[in-house]
Amino acid sequence: MSTLPIGNHLRRLRFDHGEMTQDALAKACGITRQTIIALEAGRYAPSLELAFRLARVFGRRVDEVFFWREEAGVGD
Amino acid sequence: MRIALVMLFSAAVGVLLAAPWIDWPLHEGYVGVILMVGAALLLRHYWQRRAETRGDEPGEPEREVWHGLASTSLIGAQVSTALLLAGPGLSLHSPAAHRLGITAWTLVAGAVASWYILHRREVQRDERDRAIAARADRAAHTVLAVLIVVLAVSLGFNPPQRLQAMSHVFLGHVLLLTLIAASLVRHVLQLHGYRRDAADPAE
């Protein structure tokens, strides 16, 4: 369903971090829970700043949280 | 679909409030306030239940837009209908103009009251809300510019006798209606943006 070229592992990372709720992640990043829902569904691509904030919550690098979908058909 | 339904239903209520053939038990402005406050209480309860059961309730910025769409549609339809019925010669110091003004401002008070009911204290707006709003703002600005140009051209090319028949009050309200139309476009596009991002929640 998603058409955005940027995917993420947010849902898996949340569960790996003690089943962190969407609300807790949203609060940790200063965004709304609805934005976490949109991100996990692959319907919203975050700004670079938000991508760094999300990665920091999980203690990961940005490229460990977000990835480029080759099948999206968008040139690198 | 839901966006169109809310807009059409609110506009229908606005038309009925301005309809002279309906004898409301109260002043139509008060009827509108009661309807808006009642709808806000029901909606708050519904969203609260959605938050508890499905976790897909709209966030604060989206709630504001739903409220804006419904109240703007209602007030816009009420003013348009009243203006249409009063005709282009509407005089400032006439019973029709006084009624129009009192009703419209009472409805604005109702819109503010219903906003307070729906409003949650923890207002939070993030980059996604701002991006959705920015896209809608650009479109609404274009619509407003087009409407103003169309209005200016139509006024410029109207025969003088027809222009003389239009009162300042009438033309002022027509200008206000262009603002309302642009505002409706903004609300519709914002809600469309939220709808596009919506997905099944998975906690």
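Residues numbered from 1 in each chain as written. Chains lettered and ligands numbered in written order. Predicted model: local features only at pLDDT ≥ 70, side-chain atom pairs only at ≥ 80, totals over all residues. Heavy atoms only, no water.

Draft legend 1. Spotlight on the overall build of chain B. If you tally the helices and strands in chain B, you get seven helices and zero strands. Each helix and strand of chain B, placed in order from N terminus to C terminus, yields the pattern α-α-α-α-α-α-α. Counting only C-alpha atoms and orienting by the principal axes, one finds that chain B spans roughly 65 × 40 × 25 Å. Roughly 11500 Å² of accessible area belongs to chain B as shown, and the carbon and sulfur atoms make up 68% of that amount. If you average the places of the 18 positive and of the 16 negative side-chain charges in chain B, the two averages end up 4 Å apart. (Helix = DSSP H or I, 4+ residues; strand = E, 2+ residues; numbered from the N terminus. Areas by Shrake-Rupley, 256 points an atom, 1.4 Å probe, with all protein chains shown as cover. Lys, Arg positive; Asp, Glu negative; His and termini not counted. Charge placed at Lys NZ, Arg CZ, Asp CG, Glu CD.)

Draft legend 2. Molecular detail of the pattern of salt bridges. Residue and element names in this part refer to chain A. Considering all chains together, one arrives at 11 salt bridges over all chains under this definition. A salt bridge links Asp-23 to Lys-27; its shortest N-O distance comes to 2.9 Å. Placement of both Asp-23 and Lys-27 in helix H2 (residues 22-29) is noted, with a separation of four residues, approximately one turn of the helix. Taking the relative accessible area as the measure of exposure, Asp-23 reaches 35% and is therefore partly exposed. (Salt bridge = Lys/Arg side-chain N within 4 Å of Asp/Glu carboxyl O. Buried < 20%, exposed > 50% of the residue type's maximum accessible area, 1.4 Å probe, protein only.)

Draft legend 3. Spatial organisation of the UniProt feature "transmembrane region" (unreviewed entry) in chain B. Residue and element names in this part refer to chain B. Cross-referencing UniProt, the feature "transmembrane region" (unreviewed entry) maps to residues 28-47, 68-90, 96-118, 139-157 and 169-189 in the present numbering. The distance separating the terminal C-alpha atoms of residues 68-90 is 28 Å; by composition the span is 83% helix and 0% strand. Between the end C-alpha atoms of residues 139-157 the distance is 27 Å, and the span holds 100% helix and 0% strand. (UniProt positions renumbered as here; feature names shortened; annotations may be inferred.)

Draft legend 4. Here's a closer look at the UniProt feature "domain: HTH cro/C1-type" (unreviewed entry) in chain A. With numbering aligned to this structure, UniProt lists the feature "domain: HTH cro/C1-type" (unreviewed entry) at residues 10-65 of chain A. What you have in residues 10-65 of chain A is 66% helix and 0% strand, and the ends, taken at the C-alpha atoms, are 7 Å apart.

Draft legend 5. H2(A), seen in detail. Residue and element names in this part refer to chain A. Those residues of H2 that sit buried are Gln-22, Leu-25, Ala-26 and Cys-29. Taken down its axis, H2 places every buried residue within 100 degrees of arc, on the same side. One or two residues past the end of H2 sits Gly-30, with phi positive at roughly 75 degrees. (Arc of directions from axis to C-beta.)

Draft legend 6. Representation of the packing of helix H3 (residues 60-86) of chain B against helix H4 (residues 95-118) of chain B in the model. All names here are of chain B. Put simply, H3 and H4 touch, their axes get as near as 10 Å, and they point 170 degrees apart. With respect to H4, the axis of H3 lies roughly antiparallel. When H3 is examined against H4, the residues Arg-63, Glu-64, His-67, Ser-71, Leu-74, Ile-75, Gln-78, Val-79, Ala-82, Leu-83 and Ala-86 are found in contact with a partner set consisting of Ala-96, Leu-100, Thr-103, Ala-104, Leu-107, Val-108, Ala-111, Ser-114, Trp-115 and Leu-118. Taken together, the residues of the contact of H3 with H4 sort by class into 14 nonpolar, five polar and two charged. (Axes fitted to C-alpha atoms, helices over the stretch in contact; angles between N-to-C directions. Parallel < 35°, antiparallel > 145°, perpendicular 65-115°, else oblique. Contact = heavy atoms within 4.5 Å. Nonpolar A, V, L, I, M, F, W, Y, C, P; charged D, E, K, R; others polar.)

Draft legend 7. Main features of the nonpolar core. Counting 20 residues, the largest nonpolar core has Leu17(B), Leu74(B), Leu83(B), Leu90(B), Leu100(B) and Leu107(B) as its most contacted members. Elements supplying a minimum of two residues to this core: helix H1 (2-18), helix H2 (28-53), H3, H4 and helix H7 (168-197) of chain B. Ignoring sequence-local partners within four residues, the contact set of Leu90(B) consists of Leu83(B), Ala96(B), Ala97(B), Leu100(B), Ser167(B) and Val169(B). Leu25(A), Ile31(A), Ala38(A) and Tyr44(A) belong to the second largest nonpolar core, which has 18 residues in total. (Core = buried A, V, L, I, M, F, W, Y, C linked by side-chain atoms within 4.5 Å.)

Draft legend 8. Layout of the interface of chain A and chain B. Contacts between chain A and chain B engage 21 residues on the former and 18 residues on the latter. The junction of chain A with chain B conceals about 1500 Å² of combined surface from both sides, 42% of it contributed by carbon and sulfur atoms. In this structure, the connection of chain A to chain B is made through one salt bridge. Residue Arg33(A) pairs with Glu57(B) through a salt bridge whose shortest N-O separation is 2.8 Å. Scanning the region where chain A abuts chain B turns up seven residue pairs in polar contact (both at pLDDT 80 or more). Breaking the side of chain A that touches chain B down by element, the ones donating at least two residues are helix H1 (10-16), H2 and helix H3 (33-40) of chain A. For the side of chain A that touches chain B, the element with the most residues is H3(A), which contributes six residues. (Buried area = accessible area lost by both parts, 1.4 Å probe. Polar contact = N/O pair within 3.5 Å; in protein donor to acceptor, adjacent residues only side chain to side chain.)

Draft legend 9. Main features of the environment of His141(B). Residue and element names in this part refer to chain B. Tracing the backbone shows His-141 in helix H5 (residues 127-157). When its relative accessible area of 55% is taken as the criterion, His-141 is described as exposed. His-141 sits 56 residues away from Asp-197 along the chain, and the two C-alpha atoms are 23 Å apart.

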